[in-house]
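# Topology and contacts: notes
Chain residues, written in single-letter form:
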Amino acid sequence: MFFNQRAYIGIDLTGKKAFTYAALDENLKLLALSGGEMDDLLAFIGGLPSAVVAINAPARPNQGCVRALLEAGSLEKGKVSLRGAEMRMAEYELRQRGIKVAATPSHPRNCPSWMRSGFALYEKLTGLGFVPYPNGDAPHQILETHPQAAFIAMTEGGLLSASTLEGRLQRQTILYDEGLDIRDGMAFFEEVTRHKLRQGILPFEHLYDSTQLDALLAAYTAWLAATKPKSTSVLGDGDEGQVYLPVAKLKSKY
């Protein structure tokens, strides 16, 4: 049973369901892919003897690192203004690379609901004994990732929109090629016939939705961080919240 070994969990908070989560084992076999409310997620994770969890959400509001560096003159002029300094350092570093990401405000009341849900999730997991990654052999560790930024880095800037069929196929193919034991997106084309296409019947059962793909990417990031840390990149300030991506090196611009 997989409950006797370490699991690698990815959580996405940006879809229709409150939480979408994926779980992989040490061999990248898919153990679970589901969604639900906070209690459903915690019930699943709470039963695992060992787990590394990657979440697509910040752990806390920004702590003013970007603003402080800007005021100290440590950031390049013209890159960001005081008016636009309401973001975490990780978000600033991603934006400097041309990767558009949401900025995290400095006060919870100014944060969107999915971010506030993320803050609550980190707090709940901390209460269950999870500690920030990396922490040696600690059985329960937690980290932040950003699937959209990760997919952009993995495609070297050639990422297609997740709202399109081709964008989902691209993401699923990337994950399959990375070794995840999931459905091969290319099987979609094998099931398309002229007759089915004329009738508008397409084999969507072979594809995952965008939030599931983000959760799978987060789970893969958790696995990579735990088993092959040199194959990951990290951005941001340690006290404010760092973002881990499943690539060994980031380009200066995407």
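Structure: see above.
Right, let's walk through the structure included here. In this text, all values refer to a predicted model and were calculated from it rather than measured experimentally. (Residues numbered from 1 in each chain as written. Predicted model: local features only at pLDDT ≥ 70, side-chain atom pairs only at ≥ 80, totals over all residues. Heavy atoms only, no water.)

### Considering the overall build of the protein
A count of helices and strands for the protein gives nine helices and eight strands. Counting across all 254 residues of the protein, residues that qualify as buried make up 47%. In the protein, of all internal contacts separated by at least 6 residues, the share reaching a separation of at least 24 is 58%. (Helix = DSSP H or I, 4+ residues; strand = E, 2+ residues; numbered from the N terminus. Buried < 20%, exposed > 50% of the residue type's maximum accessible area, 1.4 Å probe, protein only. Contact = heavy atoms within 4.5 Å.)

### Overview of the side chain of serine 233
Tracing the backbone through its elements, the reader meets serine 233 in strand S7 (residues 233–237). For serine 233, a relative accessible area of 9% translates into the label buried. Side-chain polar atoms of serine 233 contact the backbone oxygen of valine 247, separated by 2.6 Å. Ignoring sequence-local partners within four residues, the contact set of serine 233 consists of Val243, Tyr244, Leu245, Val247, Ala248, Lys249 and Leu250. (Polar contact = N/O pair within 3.5 Å; in protein donor to acceptor, adjacent residues only side chain to side chain.)

### Quick look at the pattern of salt bridges
Side chains that differ in charge, positive against negative, can pair when their charged atoms come close. Evaluation of the coordinates by the stated rule reveals two salt bridges. Between glutamate 91 and arginine 88 there is a salt bridge, and its shortest N-O distance comes to 2.9 Å. Judged by relative accessible area, arginine 88 falls into the buried class, the value being 2%. In this structure, arginine 88 engages glutamate 144 in a salt bridge whose closest nitrogen and oxygen atoms are separated by 2.7 Å. Taken together, the residues span a long stretch of sequence, with arginine 88 in the loop between helix H2 (65–71) and helix H3 (89–96) and glutamate 144 in strand S6 (residues 140–145) at a distance of 56 residues. Overall, glutamate 144 belongs to the buried group, its relative accessible area being 6%. (Salt bridge = Lys/Arg side-chain N within 4 Å of Asp/Glu carboxyl O.)

### Quick word on the nonpolar core
Judged by nonpolar contacts, the single largest core of 40 residues is most densely connected at Leu94, Leu143, Leu175, Leu180, Leu216, Tyr220 and Leu245. Ranked by residue count, the leading element in this core is helix H9 (residues 210–227), at eleven residues. In this structure, leucine 180 is in contact with Leu24, Leu28, Leu175, Leu216 and Tyr220, ignoring residues within four places of it in sequence. With 23 residues, the next largest nonpolar core counts Ala7, Met38, Ile55 and Tyr122 among its residues. (Core = buried A, V, L, I, M, F, W, Y, C linked by side-chain atoms within 4.5 Å.)

### Brief notes about the pairing of S7
Here five bridges tie S7 to strand S8 (residues 241–245), and the two strands are oriented antiparallel to one another. Paired with valine 234 across the two strands is tyrosine 244, which belongs to S8. (Pairing = 2+ DSSP bridges.)

### Focus on the packing of aromatic side chains
In this structure the tally under the stated criterion is three aromatic pairs. Considering the side-chain rings of tyrosine 133 and tyrosine 244, the 5.2 Å spacing of their centres and the 80° angle between planes classify their relative orientation as edge-to-face. One end of the pair, tyrosine 133, is in the loop between strand S5 (131–132) and S6; the other, tyrosine 244, is in strand S8, and 111 residues separate them in sequence. The exposure classification of tyrosine 133 matches that of tyrosine 244, with both residues buried. In this arrangement the basic side chain of arginine 171 is found over the ring face of phenylalanine 151, its NZ or CZ atom lying 5.5 Å from the centre. Over the aromatic face of tyrosine 208 sits the side chain of arginine 183, whose NZ or CZ is 4.1 Å from the ring centroid. (Phe/Tyr/Trp six-rings, centres within 6.5 Å; stacked < 30°, edge-to-face > 60°. Lys NZ or Arg CZ within 6 Å of the ring centre and 35° of its normal.)

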